[in-house]
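Results of the structural survey
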Amino acid sequence: MSENQQAIIRTGGRQFRVSTGSVLRVEKLPVEAGATVNFEVLLVGQGDAVKIGKPLVSGAKVEAKVVSHGRGPKLIVYKFRKRTNYRKKQGHRQAYTEVKITSITG
């Protein structure tokens, strides 16, 4: 039954469409690797049986296991103003948490 069950979760100000076994990178979570986390469920369903939350689905639960923490690729932020001798170069690496969805109930 839970083979093709899917859900839409909200974390870190973004929404993700997930199914059991999917691995995704979310904003860094303050938990250690190997821990279990629960997410806010906005929609859960399988086939035509879909429950839509207002805003959250009551009783629905998406559990995930934290696989690892890391940092994304380096992005260069370059600011420039013409004719004023203003140049500013800055690098940025976004921190993330990689999670694997273990179960979807709802």
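The structure under discussion appears in the preceding block.
Here is what the cut-offs are and how they apply
Residues numbered from 1 in each chain as written. Predicted model: local features only at pLDDT ≥ 70, side-chain atom pairs only at ≥ 80, totals over all residues. Heavy atoms only, no water. Helix = DSSP H or I, 4+ residues; strand = E, 2+ residues; numbered from the N terminus. Rg over C-alpha atoms; globule rule 2.2 N^0.38 Å. Contact = heavy atoms within 4.5 Å. Areas by Shrake-Rupley, 256 points an atom, 1.4 Å probe, with all protein chains shown as cover. Lys, Arg positive; Asp, Glu negative; His and termini not counted. Charge placed at Lys NZ, Arg CZ, Asp CG, Glu CD. Buried < 20%, exposed > 50% of the residue type's maximum accessible area, 1.4 Å probe, protein only. Patch = residues over 30% accessible without salt bridge, like charges linked within 9 Å, V, L, I, M, F, W, Y side chains within 5 Å. Salt bridge = Lys/Arg side-chain N within 4 Å of Asp/Glu carboxyl O. Pairing = 2+ DSSP bridges. Core = buried A, V, L, I, M, F, W, Y, C linked by side-chain atoms within 4.5 Å.

Notes on the overall build of the protein chain
Helix and strand counts for the protein chain come out as zero helices and nine strands. Along its sequence from the N terminus, the protein chain presents helices and strands in the succession β-β-β-β-β-β-β-β-β. Its C-alpha atoms give the protein chain a radius of gyration of 19 Å, clearly above 13 Å, the size a compact globule of 106 residues would have. Principal-axis analysis of the C-alpha atoms gives the protein chain an extent of 65 × 30 × 20 Å. Relative to all contacts within the protein chain whose residues are 6 or more apart in sequence, the contacts with residues 24 or more apart total 63%. On the protein chain, roughly 7500 Å² of surface is accessible, and the fraction owed to carbon and sulfur atoms is 49%. The protein chain carries 20 positive and 7 negative side-chain charges, and their two centres are separated by 19 Å.

Points about unusual backbone geometry
Along the chain, Lys54 connects to Pro55 via a cis peptide bond; the corresponding omega equals -5°. Assignment of secondary structure puts Pro55 in the loop between strand 5 (49-52) and strand 6 (61-71). Although it is not a glycine, Arg83 sits at a positive phi angle of roughly 60°. You can see Arg83 is positioned in the loop between strand 7 (75-81) and strand 8 (86-92). Residues other than glycine seldom take positive phi values, yet Asn85 does so here, at roughly 60°.

Quick look at the environment of Pro30
For Pro30, the position within the fold is in the loop between strand 3 (23-27) and strand 4 (36-46). For Pro30, a relative accessible area of 83% translates into the label exposed. In this structure the C-alpha to C-alpha distance between Pro30 and Thr97, which are 67 residues apart in sequence, comes to 9.1 Å.

Some thoughts on a nonpolar patch on the surface
Together, Ile76, Tyr78 and Phe80 give the surface a local cluster of nonpolar side chains, amounting to about 340 Å² of exposed area. Tracing the backbone shows Phe80 in strand 7.

Digging into the pairing of strand 9 (residues 95-105)
Bridge count between strand 3 and strand 9: five bridges; the pairing is antiparallel. Paired with Val26 across the bridge in strand 9 is Thr97. Relative to strand 9, strand 6 runs antiparallel, the two sharing 10 bridges. Note that in strand 9 the partner of His69 across the bridge is Thr97.

Observations concerning the nonpolar core
Core analysis: the biggest nonpolar cluster contains 19 residues, and Val18, Leu24, Phe39, Val44, Val62, Ile101 and Ile104 have the highest contact counts within it. Once residues lying within four places of it in the same chain are set aside, the contact partners of Val18 are Gln5, Gln6, Ala7, Ile9, Leu24, Ile101 and Ile104.

A word on a positive patch on the surface
A cluster of like positive charges, contributed by Lys28, Arg71, Lys74, Lys89 and Arg93, occupies part of the molecular surface. Here Lys28 is to be found in the loop between strand 3 and strand 4.

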